[in-house]
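Residues per chain are reported as follows:
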Amino acid sequence: MDARSSLPVSARRALPGLGSIARVVLGAMSFERLAPGGARASGEYDAVFDTALEAGLDAIDTAPLYGFGDSERIVGAWLKRSGARVSVLTKVGLVWDAPDAHGEVLFQTRDAAGRPIVVRRDSRPPSVLAEIERSRERLGLERLPLVQVHHRDRSVPIDETMGALVDAWRSKKVGAVGVSNYDAADLETAARAVERLSRGELRLSCTQGLYHLLARDVEREVHKVVRARSLGFLAFSPLAQGLLTGTMGPDRVVSDWRAGQPLFSDVNRRTIQSAIERELSPLARRHGVTVSALALAWVISREDVTAAIVGARDAAQLRGSLAALRLVSGDRAIDPRVLDRVGDAFSSLELATGRSPFAALRDRLFRRRGA
Ligand SMILES: NC(=O)c1ccc[n+]([C@@H]2O[C@H](COP(=O)([O-])OP(=O)(O)OC[C@H]3O[C@@H](n4cnc5c(N)ncnc54)[C@H](OP(=O)(O)O)[C@@H]3O)[C@@H](O)[C@H]2O)c1
C-alpha cells in the first residue's frame, strides 16, 4: 500500500532526509486521549489510520512519551497488520522508563495502575541510543525514518546528543535526525554539529515547533534559521489543541488536562470563539469545509512550514480537518490572500494570557538557563 500517488505535487513538500511528504502529518499523541480510562479496540485506531492513508497522508508523528510507549506500540501494531508504507517520525530525550535517567524533571504523573511516573529530560548519548532501541522494538522497525530530540536537555552539550544521533544514522538504525522545541540558537548549533560530526554526509532534517493562528512566536527567530539552512519545519498542534475547531466555546466542559491551560480559560475561549464565528465560519460555509480545515490550511499555507502535524479524536474529525489539503492545492484552492487576512485578524486578538502553555514552558527554561 502506498499513499503517495493520491496527492498532487502541490499538496506535498520536501522534508530533508525523507523526500517528499504530504503537507499534513498524522499526530499520534492524542491516541492516549482516544482511550480515556483504557485501551480502545484496535479497529478505532485503524479507522483513523485508514482515513489518513485514504487522504494521501504518508507520515505519522509519535514519541515514546505519548501514552508512555502506547502510541508507538499502537502505530507499530498497525504497521504490521496493514503493511502500510508510511514514514514514522519519533523522538528521544524525554525519559520515564529508565531507572538511571538523569536530568531535570519535566513533569510527574501516575500510570493507569496508580504507580508514579517521573518524566525527565535526558539527552545523554547512552540514553539516546537506548531509547532508539526501545522505539525500534515498540514500532517493529529496523530503521526509524526520523528521530527528533523532543526537548532540549540543557545539562548535555548539543554536540554530544547529535553525536549519538549521527552514530545511530551510521549504523542504519535511523534514517534522518531532527529536533523539536529548540530555540533558534540551539537549532543553529544542532544543524552545524550534525554536518561537522557526519563530515558533511548528513544534514539536520527538521525541527518541530508549536505553530497555529494563536501562537506565532517561531516566526521571529526559528523560521529564520529554518530558511537559512533549508531545514524542514513541522508545525505541531495546528488546531491549538481544539481551540481552533469551532467546538471549544465557553459552554463546552473540558475535563482533561487542557482545562488548566491558560489559553483555555473561559475568557479566552469566548474571544477565540467570537473570532472564529467572525473570520472562519463564513469562509468555511463558502468553501464547504470545516473551521478546522481552514485553521489547518492557514498553517500549511505558510512558506516556512513543511507540514503540520494534526491530531484527531476519531476518523470523522480527521476527515474534517484534512479538507485543508484541497484548500491549498488544486483547482479549488483558496486565494492565499484570504488566508493572510485570517492570520492578521487572529494575530490582533487580545488574549488574557497571550502565552501558550508551550511558550510559558519555554520562558521558564530560558529563565533557568540565564540563572
Ligand atoms: N514536539 C512536541 O513537543 C509536540 C507537542 C504537542 C504535539 N505534538 C504533535 O502534534 C500532534 C497534534 O497536536 P495536538 O493533538 O496537541 O493538537 P491539535 O492537532 O491542534 O488538536 C487536536 C485536537 O483537536 C480536536 N479536533 C481535531 N480535529 C477536530 C475537528 N475536525 N473538529 C473538532 N475538533 C477537532 C480534538 O480534540 P477534542 O475532540 O478532544 O477537542 C483533537 O484531539 C500530536 O499528535 C503530536 O504528534 C508535538
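Because the structure is a prediction, the values reported are computed rather than measured. (Residues numbered from 1 in each chain as written. Predicted model: local features only at pLDDT ≥ 70, side-chain atom pairs only at ≥ 80, totals over all residues. Heavy atoms only, no water.)

Considering the pairing of strand β8 (residues 116-121)
Reasoning step 1: Every second residue of β8 is oriented toward a common face, the buried set being Ile-117, Val-119 and Arg-121 and the non-buried set Pro-116, Val-118 and Arg-120.
Reasoning step 2: Inspection of the sheet shows strand β6 (residues 94-95) paired to β8 by 2 bridges, in the antiparallel sense. Considered in β8, the bridge of Leu-94 is made with Arg-121.
Reasoning step 3: Relative to β8, strand β7 (residues 105-110) is paired through 5 bridges, and the arrangement is antiparallel. (Buried < 20%, exposed > 50% of the residue type's maximum accessible area, 1.4 Å probe, protein only. Helix = DSSP H or I, 4+ residues; strand = E, 2+ residues; numbered from the N terminus. Pairing = 2+ DSSP bridges.)

Remarks on helix α3 (residues 70-82)
Reasoning step 1: Look at α3: 18 Å from first C-alpha to last across 13 residues, which is about the 18 Å you get at 1.5 Å a residue.
Reasoning step 2: For α3, the full list of buried residues reads Ser-71, Glu-72, Ile-74, Val-75, Gly-76, Trp-78 and Leu-79.
Reasoning step 3: Gly-83 sits one or two positions beyond α3 and adopts a positive phi of about 70°. (Expected span 1.5 Å × (residues − 1).)

Points about the environment of Ala-185
Reasoning step 1: Relative to the helices and strands, Ala-185 resides in helix α6 (residues 184-197).
Reasoning step 2: It is 27 Å that separates the C-alpha atoms of Ala-185 and Gly-27, two residues lying 158 residues apart in sequence.

Here's the deal with the sheet that holds strand β12 (residues 232-236)
Sheets are built from strands paired through backbone hydrogen bonds, the pairs being either parallel or antiparallel.
Reasoning step 1: What the 8 strands build is a closed barrel, ordered β3-β4-β5-β9-β10-β11-β12-β13; its pairing is parallel. Strand-to-strand, the axes of this sheet are offset by a mean angle of 30°, without reference to chain direction.
Reasoning step 2: Relative to strand β9 (residues 146-149), strand β5 (residues 87-92) is paired through 4 bridges, and the arrangement is parallel. Within the sheet, the bridge partner assigned to Leu-89 lies in β9 and is Leu-146. (Axes fitted to C-alpha atoms, helices over the stretch in contact; angles between N-to-C directions.)

Details of the packing of α3 against helix α4 (residues 125-139)
Reasoning step 1: Direction vectors running N to C along α3 and α4 enclose 45°, while the axes themselves pass 7 Å from each other. Here α3 is positioned oblique relative to α4, judged by the angle of their axes. Mapping the contact onto sequence places Glu-72, Arg-73, Val-75, Gly-76 and Leu-79 in α3 and Ser-135, Arg-138 and Leu-139 in α4.
Reasoning step 2: A class-by-class count of the residues in the contact of α3 with α4 yields 3 nonpolar, 2 polar and 3 charged. (Parallel < 35°, antiparallel > 145°, perpendicular 65-115°, else oblique. Contact = heavy atoms within 4.5 Å. Nonpolar A, V, L, I, M, F, W, Y, C, P; charged D, E, K, R; others polar.)

Observations regarding the packing of helix α8 (residues 266-287) against helix α12 (residues 336-347)
Reasoning step 1: Put simply, α8 and α12 touch, their axes get as near as 10 Å, and they point 170° apart. Taken together, the axes of α8 and α12 lie roughly antiparallel to each other. Here Ala-275, Ile-276, Glu-279, Leu-280 and Leu-283 of α8 come into contact with α12, specifically with Val-338, Val-342, Ala-345 and Phe-346.
Reasoning step 2: Here the contact of α8 with α12 is composed, by residue class, of 8 nonpolar, no polar and 1 charged.

Details of the sheet that holds β6
Reasoning step 1: Reading across the sheet, the 3 strands line up as β6-β8-β7 and stay open at both edges, with antiparallel pairing between neighbours. Two strands bound the open sheet, and with one partner strand each, they are β6 and β7.

Side note on the site of the ligand
Reasoning step 1: Near the ligand lie 31 residues; those nearest to it are Asp-61, Gln-208, Leu-239, Arg-258 and Arg-313.
Reasoning step 2: With respect to the ligand, the side chain of Arg-258 contributes an N or O atom lying 2.7 Å from an oxygen atom.
Reasoning step 3: Here an oxygen atom of the ligand and a backbone polar atom of Gly-311 are 2.8 Å apart.
Reasoning step 4: In the complex, the protein chains occlude 96% of the 900 Å² of accessible area that the ligand would expose alone.
Reasoning step 5: Broken down by secondary-structure element, the contributors of at least two residues to the shell around the ligand are β13 (307-310) and α10 (315-322).
Reasoning step 6: Split into classes, the residues belonging to the shell around the ligand amount to 10 nonpolar, 15 polar and 6 charged. (Near = heavy atom within 4 Å. Polar contact = N/O pair within 3.5 Å; in protein donor to acceptor, adjacent residues only side chain to side chain. Areas by Shrake-Rupley, 256 points an atom, 1.4 Å probe, with all protein chains shown as cover.)

Digging into unusual backbone geometry
Where the residue is not glycine, phi is negative for most of them; where a peptide bond is considered, it is trans in most cases.
Reasoning step 1: The residue Ser-237 is not glycine, and still its phi comes out positive at about 50°.
Reasoning step 2: Looking at Ser-237, the relative accessible area reads 14%, which means it is buried.
Reasoning step 3: In this structure, Ala-240 is a non-glycine residue whose phi angle is positive, near 50°.
Reasoning step 4: Tracing the chain through its elements places Ala-240 in the loop between β12 and α8.

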